[in-house]
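Observations on chain architecture
So the chains spell out like this:
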Amino acid sequence: MFSKLVEVCRLKEGGNPLPPAVRLDEGLPDNYHYGLAICFDDNGQYVDVKLTENKKGIIYKSGPSNGYDPTAVSKYAGNADKGVKRLGRCLKDLCEKIQAKPLQEWLKTVFLSLEESSEQISKDLQSSLTSFDTKERYPYFYIARFSPQDAAPVPLSSEKEVQAFMVDWALSSYGRINKEDKNKSLQIKDKTCAICGEKRDLIYGNFSFLACYNLDKPGMVVSGISKANAWKNFPVCTDCITMVSAGYRFVVENLQFRLGGMNYLLIPDIYVKDPELSKEILNCIVERPKQTSIKTEPLDKITSDEREILEELSEENTFKDHVSFCLVFFEEKNSSWKITGEIPQVLPSRIRTLYNAKKQLEGKTLGDTRCALPELNKKPFKFTLGTIRSFASPDGN
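So, a few notes on the structure that sits alongside this text.

Conventions adopted
- Residues numbered from 1 in each chain as written.
- Predicted model: local features only at pLDDT ≥ 70, side-chain atom pairs only at ≥ 80, totals over all residues.
- Heavy atoms only, no water.
- Phe/Tyr/Trp six-rings, centres within 6.5 Å; stacked < 30°, edge-to-face > 60°.
- Helix = DSSP H or I, 4+ residues; strand = E, 2+ residues; numbered from the N terminus.
- Buried < 20%, exposed > 50% of the residue type's maximum accessible area, 1.4 Å probe, protein only.
- Lys NZ or Arg CZ within 6 Å of the ring centre and 35° of its normal.
- Pairing = 2+ DSSP bridges.
- 1 Å grid on protein atoms, 1.4 Å probe; cavity = no way out; pocket = protein on both sides within 12 Å on 5 of 7 lines; lining within 4 Å.
- Points joined across faces, edges and corners; volume = space filled by probe spheres on them.
- Nonpolar A, V, L, I, M, F, W, Y, C, P; charged D, E, K, R; others polar.
- Axes fitted to C-alpha atoms, helices over the stretch in contact; angles between N-to-C directions.
- Parallel < 35°, antiparallel > 145°, perpendicular 65-115°, else oblique.
- Left-handed = near helix turned anticlockwise from the far one by under 90°.
- Contact = heavy atoms within 4.5 Å.
- Disulfide = S-S within 2.5 Å.

Glancing now at the packing of aromatic side chains. For the structure on display, the rule yields 11 aromatic pairs. Measuring from ring centre to ring centre gives 4.1 Å for Tyr-34 and Phe-132, while their planes differ by 25°; the resulting arrangement is stacked. On the criterion of sequence distance, the pair formed by Tyr-34 in strand β1 (residues 32-40) and Phe-132 in the loop between α5 (118-129) and β4 (138-145) is long-range, its members being 98 residues apart. Of the two residues, Tyr-34 and Phe-132, neither departs from the other in class, the shared state being buried. Ring centres of Tyr-140 and Tyr-142 lie 5.9 Å apart, and the angle between their planes is 25°; on these two criteria the pair is classed as stacked. Tyr-142 sits in the buried class, given a relative accessible area of 2%. Against the face of Phe-146 rests Lys-50, its NZ or CZ located 4.8 Å from the ring centre.

Moving on: the sheet that holds strand β8 (residues 236-237). The strand order β6-β7-β8 describes an open sheet built from three strands, whose pairing is antiparallel. Of all strands in the sheet, those with a lone pairing partner are β6 (187-192) and β8, marking the two edges. Looking at chain direction, strand β7 (residues 199-204) and β8 are connected through two bridges and run antiparallel. Note that in β8 the partner of Tyr-204 across the bridge is Val-236.

Enumeration over the complete set of coordinates arrives at two cavities of 30 Å³ or more. Estimates place the volume of the second largest cavity at around 30 Å³. Here the residues of the lining of the second largest cavity sort into four nonpolar, no polar and two charged.

This brings us to the packing of helix α3 (residues 80-97) against helix α4 (residues 101-116). If you want to describe how two helices pack, look at the angle between their axes and the distance between the axes. Between α3 and α4, whose axes approach to 9 Å, the crossing angle comes to 150°. When the axis of α3 is compared with that of α4, the two are roughly antiparallel. Read as a crossing pair, α3 and α4 show a hand that is left-handed. Contacts from Val-84, Leu-87, Gly-88, Leu-91, Lys-92, Leu-94 and Cys-95 in α3 reach Gln-104, Leu-107, Lys-108, Val-110, Phe-111 and Leu-114 in α4. Across the contact of α3 with α4, the residue classes break down as nine nonpolar, two polar and two charged.

Turning next to the sheet that holds strand β12 (residues 336-346). Taken in spatial order, the four strands make up an open sheet running β9-β10-β11-β12, and their pairing is antiparallel. In the strand order of this sheet, the two ends are held by β9 (256-259) and β12, each with one partner. Going across the sheet, the axis of each strand differs from the next one's by a mean of 35°, ignoring polarity. Pairing between strand β11 (residues 323-333) and β12: eight bridges, direction antiparallel. If you follow Glu-331 over to β12, its bridge partner there is Lys-338.

This part takes up the state of the cysteines. Every disulfide links exactly two cysteines, by a covalent bond between their sulfur atoms. Under the definition given, this model contains zero disulfides. Take Cys-9: it sits in no disulfide, and the sulfur closest to it among the cysteines is that of Cys-240, at 9.8 Å. Judged by its relative accessible area of 0%, Cys-9 is buried. Here Cys-90 stays free of any disulfide, with the sulfur of Cys-95 as its closest cysteine sulfur at 9.4 Å. Take Cys-90: its relative accessible area is 0%, and that puts it in the buried class.

As structure tokens, then:
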């Protein structure tokens, strides 16, 4: 599962690896349309709140509800005062962690200005919020630099030092035994990563991006209940952490569907030597209708691209390269993420065969099966994967 997500990230990047901050960027949802930039001048003094509708330069990573978001970009949660305080907590840590002197000095002045002008900033934010409807399109707040010569506010999150801080912040939770104890480390040097199989300078022993892994259940840790040795169970390097994170978000956003009442991820396995061709094939798969089930046309459209993909593969002049799909069924409940089943190496032609059989079945009526009830003789028969689940087990398992 994890190695497949790493491969999806590679395919998406097409041979041009993205920086760790971009891979970890969660991106604000489309319904967060309006940006309210809290602007400070080159001297770090508060200027004004400016409304923007362009997310250029915005890097977003969500933090805990009682903490902060590490790039000084926060979703509006219904209270402007709390939003300003949340940004202030981020600025305080940025002042302490960023070493580049010009930016560090500017951040210190900004932090003081934010503290002194917090009441005015909250009023300006509240005033800006009344200029648009927040029921359908939501706002977000962010710290920005703005000078008279600038056409638009420059988000603080666009600074490389801030992005590096965000990466360290994200990785730090995977390198601690407990979130509360910052002194006990699970960062181990010169060990082999369990995902890529390479020996790395630094690995992490508490990678829990997907909540399907824990360190507090006896029998699930190689060294027993000793969390200090838990890195032996699932050591992961920095590159794989960022690639799994990026790959998972990409699959969830573009290749998550329902089949027979179950959620699943459609993860492609594309074995092509040319990275650009691999990326093109992935884009071809992704550019399908989002709502896909066996009872609707979109599934037929997904499988109908097999000829186009195979034609491109034939240009590689090799029979070793091929495309298949892995269907990963999962349940997400509270904070846990559980894989309930996996069907590996499914070829598009296999899916098409199933779809053709479905068409043949639906071409008949219940009367064709010599149904004893006359009123059902002309009722069309509809086949879904739910039909199989109901037939196999009354509770659908």
